[in-house]
Amino acid sequence: MTGALGRLRRLEAALRAEGIGPLDLLTDHRPPEPLRHYPDGDLYDPRSAAQAYFHVHRPQESGHIHLFLRPAGMPAGMVPLVPAAGDPKAPCHLGAVELDHRGMPCALFATNRWVTGEAWFAAADVALLLVRFRLDLPPPHDRLGRWLSALGDVHRPALAELARRRDAALADLAGGRSLEDRLEDETLEVLARMPLPPGPGAGMIPANL
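Sequence order as written defines the numbering, with residues in each chain counted from 1. With the structure being a predicted model, the display of local features is reserved for residues of pLDDT at least 70 and the display and counting of side-chain atom pairs for 80 or more, all residues being used for whole-chain, interface and lining totals. Calculated side-chain values reflect all of the structure's heavy atoms, with hydrogen atoms and water omitted.

## With respect to the nonpolar core
(1) Moving on: Throughout this description, the term nonpolar core refers to a set of buried Ala, Val, Leu, Ile, Met, Phe, Trp, Tyr and Cys residues connected via side-chain atoms within 4.5 Å. Whether a residue is buried, partly exposed or exposed follows from its accessible area with a 1.4 Å probe, protein chains only, as a fraction of its type maximum: under 20%, in between, or over 50%, in that order. The biggest cluster of nonpolar side chains holds 50 residues, and the ones touching the most others in it are Leu43, Ile65, Leu67, Leu94, Leu135 and Leu148.
(2) Moving on: Numbering of helices and strands runs from the N terminus, with a helix taken as a DSSP run of H or I at least four residues long and a strand as a DSSP run of E at least two residues long. Here this core takes six residues from helix 5 (residues 142-154), the largest share from any one element.
(3) Moving on: Once you skip the residues sitting within four places of it in the chain, Leu135 turns out to touch Leu43, Tyr44, Asp45, Ala50, Gln51, Ala52, Gly145, Arg146, Leu148 and Ser149.
(4) Moving on: Grouped together as the second largest cluster of nonpolar side chains are seven residues, Val82, Trp120, Leu183 and Leu191 included. Any pair of residues with heavy atoms lying within 4.5 Å of one another is described as a contacting pair.

Structure follows, in structure tokens:
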């Protein structure tokens, strides 16, 4: 993790030297419109099949970044517990990164399936897929790709733990209902969340991991 944390801090220091942050790169320095994906067309690496996008749900919200891996980047034979209806190419949601008012990471969280329309993978599989998250992108998104790749590497243990807590939360809420029913329950949105400590790099392991 030391190498990834060092990369993350160097990338963020370079942005601060320019007077900008990752959010400026994501939105091209414009106030984000609710529910619109940033950047346009999402971030996608066809070699790794990793995908990410930023959005806000409502005006003045700080927003968050969703991290995914699509089937083309998964090990052969890995299948979801619950496929996405009608979409065999639906991705696995690896987790989300909440941003603060400065546009810097302040928390990690895991959502229910209906939020992203993902194919639902068990936490053990999510942990394996996190290793494959890599965004090697051409300009103008090359720095965003390096930053998100480093962020994913630094927080891989936390994201894997979030997936375990997500699954545990769903199990606790079973109440005789099927997993499919719970995955589509819109009263269950964020299933697990971990705050990140403030400071350069946002790369320290969450205190409650």
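From this point on, the discussion continues.
## Some details on the packing of helix 4 (residues 123-130) against helix 6 (residues 156-172)
(1) Moving on: For the pair helix 4 and helix 6, interaxial distance at closest approach is 8 Å and the crossing angle is 160°. As summarised for this structure, helix 4 and helix 6 are arranged roughly antiparallel, according to the angle between their axes. When the axes of helix 4 and helix 6 are compared, the crossing they make is right-handed. Across from Ala123, Val126, Ala127 and Leu130 in helix 4, the residues of helix 6 making contact are Arg156, Leu159, Ala160, Ala163, Arg164, Arg166 and Asp167.
(2) Moving on: Classification used: nonpolar for Ala, Val, Leu, Ile, Met, Phe, Trp, Tyr, Cys and Pro, charged for Asp, Glu, Lys and Arg, polar for all others including Gly. Each residue belonging to the contact of helix 4 with helix 6 can be placed in one class, and the counts come to seven nonpolar, no polar and four charged. Angles run from 0 to 180 degrees between N-to-C directions of axes, and those axes are lines fitted to C-alpha atoms, restricted for helices to the stretch in contact. Should an angle fall under 35 degrees it is taken as roughly parallel, and over 145 as roughly antiparallel, whereas 65 to 115 is taken as roughly perpendicular and any remaining angle as oblique. A crossing counts as left-handed when the near helix is turned anticlockwise from the far one by less than a right angle, and as right-handed when that turn is clockwise.

## Quick look at the environment of Pro31
(1) Moving on: Position of Pro31 among the secondary structure elements: in the loop between helix 2 (22-27) and strand 1 (38-45).
(2) Moving on: Given a relative accessible area of 72%, Pro31 falls into the exposed group.
(3) Moving on: For Pro31 and Gln60, which are 29 residues apart along the polypeptide, the C-alpha to C-alpha distance reads 8.6 Å.

## Some points on empty space enclosed by the protein
(1) Moving on: Points on a 1 Å grid over protein atoms alone make up a cavity when a 1.4 Å probe fits among them but cannot get out, and a pocket when they form an open set with protein on both sides within 12 Å along at least five of seven lines; lining residues each have an atom within 4 Å of a point. Grid points are joined across faces, edges and corners, and a volume is the space filled by probe spheres set on the points. Applying the stated criterion across every chain, the model contains two cavities of 30 Å³ or more.
(2) Moving on: Taken as a whole, the largest cavity holds about 50 Å³ of empty space.
(3) Moving on: In terms of lining residues, the largest cavity is bounded by His93, Leu94, Gly95, Ala110, Thr111, Glu118, Val126, Leu159, Ala163 and Arg166.
(4) Moving on: Contributing elements (two or more residues each) for the lining of the largest cavity: strand 4 (92-99), strand 5 (105-111) and helix 6.
(5) Moving on: Residue composition of the lining of the largest cavity, grouped by class: five nonpolar, three polar and two charged.
(6) Moving on: Computed from the structure, the second largest cavity encloses a volume of approximately 40 Å³.
(7) Moving on: In terms of lining, the second largest cavity is formed by Leu67, Leu94, Leu130, Phe133, Gly152, Asp153 and Leu159.
(8) Moving on: Among the residues forming the lining of the second largest cavity, the class breakdown is five nonpolar, one polar and one charged.

## Section: helix 4
(1) Moving on: Along helix 4, the residues classified as buried are Ala123, Val126, Leu129 and Leu130. One side of helix 4 carries all its buried residues, which in axial view fall inside an arc of 115°. Of the residues in helix 4, the exposed ones pointing more than 90 degrees away from the buried face are Ala124 and Leu128.
(2) Moving on: Contacts from the buried residues of helix 4 go to strand 3 (64-69), strand 4 and helix 6. Along the arc lie the directions from the helix axis toward the C-beta atoms.

## Structural notes on the environment of Leu130
(1) Moving on: Tracing the sequence through the fold places Leu130 in helix 4.
(2) Moving on: Since its relative accessible area comes to 4%, Leu130 is described here as buried.
(3) Moving on: Expressed as a C-alpha distance, the spacing of Leu130 and Ala160, which sit 30 residues apart in the sequence, is 7.6 Å.
(4) Moving on: Sequence-distant contacts of Leu130, defined by excluding residues within four places in its chain, comprise Leu94, Arg156, Leu159 and Ala160.

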